[in-house]
Amino acid sequence: MTSTTKTDAQHGLGEHSHGGGPVVPQSSRGSRFTSYDVEAFEVPGGREEDWRFTPLKRLKGLHDGTATATGNIKVEVTGDGATVETVGRDDARIGNGGIPADRIAAQAWSSFTEATIVTIGKETKPEGPITVTVHGPGEGQVAFGHLQVRAEQFAEAVVVVDYRGSGTLGDNIEFVVGDGAQLRVVSVHDWADDATQVSSEHAALGRDSVFRHLAVTLGGDLVRVNTTVNYGDKGGDAELLGLYFADAGQHLEHRMLVDHAVPNCRSNVLYKGALQGDSAHSVWIGDVLIRAEAEGTDTYELNRNLVLTEGARADSVPNLEIETGEIEGAGHASATGRFDDEQLFYLQARGIPQGQARRLVVRGFFGELLQKITVPEVRERLEAAIEAELAVVGA
């Protein structure tokens, strides 16, 4: 792939795809405001750093309080080895994963009436995946939701969170990973064309825990996902992966904060996106904070975007904030570009037609992420979805 925008630095911040000079955060991410109270947050106007890439008019009132619940989501859980509960707002476990950091997350937190808690018990290791299917409230309807997935001490599980249907949804998801537990999550946002979703994901990692998260975003009119990882003790290991494919008119936005606040933890972030069609827009904001007390941290983040047609735009901003020099390693990179003509020429010179050659390049671009999906039916479904996306422009 020919790179038109790239940063690759061990320290500091470089130029990114939205232009201008070096990107300097308004303040340390470690001091960002959090609250369960929606009124503690100002209504975003679109010029704030956290909102300047988001088309507020397309949020359907989620950001300013005008969106009120008119429907409900339906949550279905299948698979063996987990306990499923529907609980009220007063359940003591709610909030173990994290605290809202923006107005929509706080609105969703204060508006849900019932939460679903999926628990993988201590030392439990289910043989197959646990699938949580979230059905939207329906076209023209608004809903707020809350889901918590808990992997207790030394548990090991694969969980698929599958969003489907229509409507507008503001929701929070908590991933609570106990000491020595391993939780692997695939979140699939495969909405109908009318759907709007703003989701905040909160992951809390215990001592020597492993959290693997792959976010797949394909459908919907506007999907914005905020993912935050907090380490509670030493030895936490987080891997955040993402795959997204934006079509004409779609806005797909992924933001994340990996907050290294304790020593000897690891994180790795890799998101890849493809875009095609007029006004297709993707946004990726990656914040990694290494606090002064987080000695021995090892982290890296990378975002790559492949622009397939004219009229599509990818904004990519990796931020790395380091408050101690006693680390194992830290770096970040971002690249956005079109097809590499040399790759296409190489394939065509060996008798492969242009259309098939383009498909092979895109498959190879996403292949690294698809191989990490350990649930065959999910991997096959996503491979078919990517093929269908490519067929739209005859790639």
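For the structure itself, consult the block above.
Note that the coordinates shown come from a computational prediction; the quantities given were computed from them, not determined experimentally.

Rules used throughout
Residues numbered from 1 in each chain as written. Predicted model: local features only at pLDDT ≥ 70, side-chain atom pairs only at ≥ 80, totals over all residues. Heavy atoms only, no water. Helix = DSSP H or I, 4+ residues; strand = E, 2+ residues; numbered from the N terminus. Rg over C-alpha atoms; globule rule 2.2 N^0.38 Å. Lys, Arg positive; Asp, Glu negative; His and termini not counted. Charge placed at Lys NZ, Arg CZ, Asp CG, Glu CD. Axes fitted to C-alpha atoms, helices over the stretch in contact; angles between N-to-C directions. Parallel < 35°, antiparallel > 145°, perpendicular 65-115°, else oblique. Left-handed = near helix turned anticlockwise from the far one by under 90°. Contact = heavy atoms within 4.5 Å. Nonpolar A, V, L, I, M, F, W, Y, C, P; charged D, E, K, R; others polar. Buried < 20%, exposed > 50% of the residue type's maximum accessible area, 1.4 Å probe, protein only. Polar contact = N/O pair within 3.5 Å; in protein donor to acceptor, adjacent residues only side chain to side chain. Pairing = 2+ DSSP bridges. Salt bridge = Lys/Arg side-chain N within 4 Å of Asp/Glu carboxyl O.

(A) Broad picture of the overall build of the protein chain. Helix and strand counts for the protein chain stand at four helices and 19 strands. A compact globule built from 395 residues would reach a C-alpha radius of gyration of about 21 Å, and the protein chain, at 20 Å, matches this within 12%. With the C-alpha coordinates aligned to their principal axes, the bounding extent of the protein chain is approximately 65 × 50 × 45 Å. Distance from the positive charge centre (35 side chains) to the negative charge centre (58 side chains) of the protein chain: 3 Å.

(B) Examining the packing of helix H3 (residues 354-370) against helix H4 (residues 376-392) more closely. Two elements in contact, H3 and H4, have axes whose closest approach is 11 Å; the angle formed by their N-to-C orientations is 150°. Viewed along their axes, H3 and H4 adopt a mutual orientation that is roughly antiparallel. Considering how the two elements wind past one another, H3 and H4 form a crossing that is right-handed. Each of Arg359, Val362, Arg363, Phe366 and Leu370 in H3 lies in contact with H4, whose residues at this interface are Arg379, Leu382, Glu383, Ile386, Glu387, Leu390 and Ala391. Partitioning the contact of H3 with H4 into residue classes produces seven nonpolar, no polar and five charged.

(C) Region of the structure containing helix H1 (residues 103-111). The element H1 is largely enclosed, with a buried count of seven among its nine residues. Among the residues of H1, Arg103, Ile104, Ala105, Ala106, Gln107, Ala108 and Trp109 are the ones counted as buried. In this fold, the buried residues of H1 make contact with strand S6 (142-151), strand S8 (168-177) and strand S10 (196-205). The residue sitting at the N-terminus of H1 and contributing the capping side-chain oxygen is Asp102; that oxygen lies 3.0 Å from the backbone nitrogen of Ile104.

(D) Quick peek at the pairing of strand S13 (residues 237-246). Within S13, ten of the ten residues are buried, which leaves it mostly tucked inside the rest of the structure. The side-chain alternation of S13 yields two buried faces, one formed by Asp237, Glu239, Leu241, Leu243 and Phe245 and the other by Ala238, Leu240, Gly242, Tyr244 and Ala246. The sheet contact formed by strand S11 (residues 210-217) and S13 spans eight bridges and is parallel. Within the sheet, the bridge partner assigned to Phe211 lies in S13 and is Ala238. As paired elements, S13 and strand S15 (residues 266-275) share ten bridges and run parallel to each other. Across the sheet, Ala246 pairs through a bridge with Leu275, a residue of S15.

(E) Main features of the pattern of salt bridges. Following the criterion strictly, the structure yields 20 salt bridges and no others. Note that Arg291 and Asp259 form a salt bridge whose closest N and O atoms lie 2.8 Å from each other. Of the two residues, Arg291 is situated in the loop between strand S16 (281-290) and strand S17 (298-307) and Asp259 in strand S14 (residues 251-260); the sequence distance between them amounts to 32 residues. Classification of Asp259 by relative accessible area gives buried; the value is 7%. One salt bridge in this structure joins Arg338 and Glu310, with 3.5 Å as the shortest N-O distance. Placement of the pair is Arg338 in the loop between strand S19 (329-337) and helix H2 (341-348) and Glu310 in the loop between S17 and strand S18 (313-322), with a sequence separation of 28 residues. In this structure Arg338 comes out as partly exposed when scored by relative accessible area, which is 36%. Connected via shared salt-bridge partners are Asp162, Arg164, Asp190 and Arg381.

(F) Region of interest: unusual backbone geometry. Phi angles above zero are rare outside glycine, and Phe154 is one such case at about 65°. Position of Phe154 among the secondary structure elements: in the loop between S6 and strand S7 (156-164). Assessed through its relative accessible area of 41%, Phe154 is described here as partly exposed. For Ser279, which is not a glycine, the phi torsion comes out positive at approximately 65°.

It is worth stressing that arrangement in space is one thing and function is another; only the former is reported here.
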